[in-house]
Amino acid sequence: MSLVSKYWPFLLLVASNVFMTFAWYGNLKYKNNSMPLFYIILLSWGIAFFEYCFMIPANRIASKNFDTAQLKIVQEAITLVVFGFFSVFFLKESFKLNYVLSFICILGAVFFAFKKF
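Rules used throughout
- Residues numbered from 1 in each chain as written.
- Predicted model: local features only at pLDDT ≥ 70, side-chain atom pairs only at ≥ 80, totals over all residues.
- Heavy atoms only, no water.
- Salt bridge = Lys/Arg side-chain N within 4 Å of Asp/Glu carboxyl O.
- Helix = DSSP H or I, 4+ residues; strand = E, 2+ residues; numbered from the N terminus.
- Phe/Tyr/Trp six-rings, centres within 6.5 Å; stacked < 30°, edge-to-face > 60°.
- Buried < 20%, exposed > 50% of the residue type's maximum accessible area, 1.4 Å probe, protein only.
- Lys NZ or Arg CZ within 6 Å of the ring centre and 35° of its normal.

Trainee: Help me out: how do you make sense of the pattern of salt bridges in this one?
Mentor: Pairs can form between side chains of opposite charge once their charged atoms are near each other. According to the stated counting rule, one finds one salt bridge in the structure shown. The closest approach of N and O atoms between K72 and E76, which form a salt bridge, is 2.7 Å. Taken together, the residues span about one helical turn, with K72 and E76 both in helix α3 (residues 68–89) at a distance of four residues.

Trainee: Just to check I follow, could you spell out the packing of aromatic side chains for this structure?
Mentor: Here a ring pair, both rings aromatic, is described through the centre-centre distance and the interplanar angle of the planes. The full count for this structure, using the stated rule, is 18 aromatic pairs. Measuring from centroid to centroid gives 5.7 Å for F66 and F114, while their planes differ by 80 degrees, and the two rings are edge-to-face. Of this pair, F66 sits in the loop between α2 (37–62) and α3 while F114 is found in helix α4 (residues 97–114), placing the two residues 48 residues apart along the sequence. Its relative accessible area of 28% is what places F114 among the partly exposed residues. Linked through ring pairs, F22, W24, Y25, Y30, F83, F86 and F90 together constitute an aromatic cluster. Over the ring of F90 we find K29; its NZ or CZ atom is 4.4 Å from the centre of that ring.

Shown next as structure tokens:
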């Protein structure tokens, strides 16, 4: 297995999660906006389309080399890392110690998902 084929799905997952995070949480930066909720939902669906354009190929490519459980655990870890950056840099929220400790636990889950016993 080449280095590119091994890691390409995870780069696609990162791209997918960037779109997913903006689709799900991007509107929170503008929650005082008077735009009707229906329009916000449509906009979020439009952004989520691109999430699927990255997620589906990532899952199909990765499923050739990884178990589905491994892929899901990595995807959740990527989601939390992307969300961490998003909440700090886009939403301007603080990043607390308990979040760091939680992320460390998730990284432990990734480690154990790939550990051979």
